[in-house]
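Chain and residue survey
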Amino acid sequence: MERTWNNKAWFMVLPVLLLVAFSAIIPLMTVVNYSVQDTFGNNDFFWAGSEWFDEILHSDRFWEAMGRNLVFSAIILIIEIPLGIFIALNMPKKGWGVPVCLVLMALPLLIPWNVVGTIWQVFGRVDIGLLGYSLRALGFNYNYVNDPFDAWITVIVMDVWHWTSLVVLLCYAGLVSIPDAYYQAAKIDGASRWAIFRYIQLPKMNRVLLIAVLLRFMDSFMIYTEPFVVTGGGPGNTTTFLSIDLVKLAIGEFNLGEAAAMSIVYFLIIMLLSWVFYTVMTAYDAEQ
Amino acid sequence: MARIDCNHIRHAYGPHPKSDKDYALKEVHHAFEDGGAYALLGPSGCGKTTLLNIISGLLYPSHGELLFDGKDVTNLSTQERNIAQVFQFPVIYDTMTVYDNLAFPLRNRGVPEPDVDRKVRETLDMTGLADMAKRKARGLTADQKQKISLGRGLVRSDVNAILFDEPLTVIDPHMKWVLRSQLKQLHRRFGFTMVYVTHDQTEALTFAENVVVMYEGEIVQIGSPAELFERPKHTFVGYFIGSPGMNVMPVAVEGRSARLGSQTIELPGAPRAGITGAIELGIRPEYIRLGASGMPVSIRKVEDIGRHKVVRASFEGRDIAAIIGEDEDIPADPKIAFDPAGINIYADSWRVEMGG
């Protein structure tokens, strides 16, 4: 049969192509463009080669921010995953308590990020904030504005408050899908509470836990709004994460070339880590 | 293994049962003999799973007591009762190997590892899982998984009873038959007390020596498959067992004969005098003879189901089913006769004894 070639179909894809070009490809290429050029103003750009990348990769400031990001993500995962599992295990499985718990858990997730930041910024203030004032009154020398340790604690507690719910809800979804017969069989087999967790609940939560870890890692690795609102990256640079540093560099210091190079490195890191997670998850699926 | 006594057990799921209607289990008073193979047979919602869960201790009865070998276990936990239960859907521990699955109940009870190993190997041989001992349990087929569930019960040599809650629901038809005969073999070799819940009459009749038929929260009859077939105590048993079920028709009884419309049917004996209530005559399709003599019927339909034919006919204005041989022909002027051996008389649905 004679095949009809009709290239008009390409026009159908054109709107999407334009949309993607404007929203993703062109901005990305702009960044690439900036990262290999330099300017002294007047919109005069000249070729800079890999200079900005050299600078970023050899800058202590970048690696320190990266270190802070990794430490922050690690702490977040270490706290939020077990805490989320623990809360999910203790949530009621039936009765009137279920909707109450679910709504309570969903609340922090419904609050806009900058509002969360503002809430904790006020909450932690030592002059008018309930938390800051109370800690002071109890004799703790708490002040997130000039004590780096206190600033970190505040940002971490804020994130735990904001995002543990997500882990809880994911784990809970995994838990309620376990048929009653499993618990009955475990009773008959004389399994301890720990054995039930280890051999029934944990394996059934495995998949959702992987998703929870992935989401919490990515979100915490690109955290910006909340610490920016609470600490503005301070005191000093102690809570300046990569994203905050990037904005400082690009908008604060108008160092477009370096900021562009940093964006690309940041982007590649996130892509690499996502790829690692994706590979691990699909390998796990294949094993199933 | 143990004898299980259910003493006047009643159970209601709601908190304040008032009438009989609120009870999922109205009253069960029955003994499961040591080493017996029992089937609990009945339609969905008749209380058979409730009774099973009461025996295993997953439910505590609202009234009555449960004895294992004369010892009151009504308030003991599942673990203390030491029973095994196989559920409708295979329950396995996904992350463990087949071997570890079987070892799990023993390790939980602190059995020393050499004994665990010996028992597990015995059980692997018994269930035919020996060649997959080292495999992860999650990749197995439904029937293999169900064998693991069973194996976790068998591995504890001291279990009081093995309970089955419709264990073949998710098994492929051809494997059902294999598993059922393996269960029977295990029972013959080792003499476990087995209670098997099912709504499938073939399963019940082939598995058990004693079939307990339940209907609306009550035991309506306990008997061998033959007894259930020939002398159903309740019209429900007649309907539920057999394919097609028993023909039941309202009659008026006078001495040794029953009258239905214009026909008079000879009874094998005279029902005891003074029976009251709705009187019915029950006869299985297998005991109806179709031929040239007897009572006239009009045939509506003949179903050829392979080994025999089912004749659907109209007799005195009511539907009646008869079974005839595969090679028998339908007479031009069909008439039926009832074999007296297959006639039962019911008053208010319960069977009435007939004197000679």
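All values reported here derive from a predicted model rather than from experimental measurement.

**Observations regarding the overall build of chain B**
In terms of helices and strands, chain B carries nine helices and 25 strands. Overall, the C-alpha framework of chain B stretches about 75 × 50 × 35 Å when taken along its three principal axes. In chain B, which comprises 356 residues, the proportion classed as buried is 52%. Each charge class in chain B can be summarised by its mean position, and for the 41 positive and 46 negative side chains these summaries are 3 Å apart.

**Some points on the sheet that holds strand β17 (residues 288–291) of chain B**
Think of a sheet as strands paired side by side through backbone hydrogen bonds, with each pair either parallel or antiparallel. All names here are of chain B. Pairing within the open sheet is antiparallel, and its three strands lie in the order β17-β22-β18. Among the strands making up the open sheet, the edge pair consists of β17 and β18 (295–296). Bridge count for β17 against strand β22 (residues 335–338) is four bridges, and the pairing is antiparallel. Across the sheet, residue I288 finds its bridge partner in β22, namely F338.

**Examining helix α7 (residues 148–176) of chain A**
All names here are of chain A. The end-to-end C-alpha distance of α7, which contains 29 residues, comes to 41 Å, matching closely the 42 Å that a straight helix rising 1.5 Å per residue would cover. The largest bend in α7 amounts to roughly 40 degrees and is located at W163. The backbone nitrogen of F149 has a side-chain oxygen 2.8 Å away, supplied by the residue at the start of α7, namely D147.

**With respect to the UniProt feature "domain: ABC transmembrane type-1" (unreviewed entry) in chain A**
The residues that UniProt annotates with the feature "domain: ABC transmembrane type-1" (unreviewed entry) are residues 66–277 of chain A. When the span residues 66–277 of chain A is considered, its composition is 77% helix and 0% strand, and the gap between its end C-alpha atoms is 19 Å.

**Here's the deal with the UniProt feature "transmembrane region" (unreviewed entry) in chain A**
All names here are of chain A. Under the present numbering, the feature "transmembrane region" (unreviewed entry) in UniProt falls on residues 12–36, 70–89, 101–123, 160–183, 208–225 and 264–284. The span residues 101–123 is 91% helix and 0% strand, and its two end C-alpha atoms sit 24 Å from each other. Overall, residues 264–284 shows 100% helix and 0% strand. The separation of its end C-alpha atoms is 30 Å.

**Comments concerning the nonpolar core**
Counting residues in each nonpolar core, the largest one holds 80 residues, and the members touching the most others are B:F32 and B:M214. Looking at this core element by element, the count peaks at 11 residues for helix α9 (residues 193–221) of chain A. Counting residues in each nonpolar core, the second largest holds 29 residues, with B:L179, B:L186, B:F207 and B:V213 among its members.

**Focus on the environment of B:V170**
Residues and elements named next belong to chain B. Tracing the backbone shows V170 in the loop between β7 (162–165) and α6 (173–190). Overall, V170 belongs to the partly exposed group, its relative accessible area being 30%. Along the backbone, V170 and N247 are 77 residues apart, and their C-alpha atoms lie at a distance of 33 Å. Those residues in contact with V170 that sit more than four places away from it in its chain are Q88, F89, P90 and A142.

**Thoughts on the side chain of A:T231**
Residue and element names in this part refer to chain A. Within the secondary structure, T231 is located in the loop between α10 (225–230) and α11 (242–252). A polar contact of 2.7 Å, which involves the side chain of T231, links it to the side chain of T239. In this view, T231 contacts Y144, A151, V155 and T239; residues no more than four positions away in its chain are not counted.

**Some points on the pairing of strand β3 (residues 37–41) of chain B**
Residue and element names in this part refer to chain B. Burial within β3 is extensive, with five of its five residues counted as buried. Burial along β3 is two-sided: A37, A39 and L41 facing one way and Y38 and L40 facing the other are all buried. As paired elements, β3 and strand β8 (residues 194–198) share five bridges and run parallel to each other. Along β8, the bridge assignment pairs L40 with V197. Bridging between β3 and strand β9 (residues 210–215) involves four bridges; their strand directions are parallel.

**Describing the sheet that holds strand β20 (residues 308–315) of chain B**
Residue and element names in this part refer to chain B. Across the sheet, three strands lie side by side as β19-β20-β21; this open sheet has antiparallel pairing. Only two strands of the sheet have a single partner each, and these edge strands are β19 (298–304) and β21 (318–325). Each strand of the sheet is rotated relative to its neighbour by a mean of 25 degrees, with strand direction disregarded. As defined by bridge partners, β19 adjoins β20 across six bridges and the pair is classed as antiparallel. Bridging across to β20, I299 finds its partner in A313.

What counts, and where the lines are drawn
Residue numbers run consecutively from 1 along every chain, following the written order of its sequence. Following the order in which they are written, the chains are lettered starting with A and the ligands numbered starting with 1. With pLDDT at 70 or above as the cut-off, local features in this predicted model cover only qualifying residues; side-chain atom pairs require 80 or more to be listed or tallied, and sums for whole chains, interfaces and linings still use all residues. Only heavy atoms go into the side-chain values, all of them from the structure, while hydrogens and water stay out. Counting from the N terminus, the helices are the DSSP runs of H or I reaching at least four residues and the strands are the DSSP runs of E reaching at least two. Three exposure classes are used, based on accessible area relative to the maximum for each residue type with a 1.4 Å probe and protein chains only: buried under 20%, partly exposed in between, and exposed over 50%. His is not counted, nor are the chain ends; Lys and Arg add positive charge and Asp and Glu add negative charge. Every charge is mapped to an atom, namely NZ of Lys, CZ of Arg, CG of Asp or CD of Glu. Pairs of strands are assigned from DSSP output, requiring at least two bridges between the strands. Helix span, expected: 1.5 Å multiplied by one less than the number of residues in the helix. Note that the bend at a residue is defined as the angle between axes fitted to the seven residues ending at it and the seven residues starting at it. Polar contacts, as counted here, are pairs of nitrogen or oxygen atoms within 3.5 Å of one another; within protein the pair requires one atom able to donate a hydrogen and one able to accept it, and residues that are adjacent in sequence qualify only if both atoms are side-chain atoms. UniProt positions are given in the numbering used here, feature names are shortened, and annotations may be inferred rather than shown by experiment. For our purposes a nonpolar core is just a set of buried Ala, Val, Leu, Ile, Met, Phe, Trp, Tyr and Cys residues, chained together by side-chain atoms within 4.5 Å. Throughout, a residue-residue contact means that at least one pair of heavy atoms, one from each residue, lies within 4.5 Å. Convention adopted: a line fitted to C-alpha atoms gives each axis, helices being fitted over their contacting stretch, and angles between N-to-C directions are expressed from 0 to 180 degrees.

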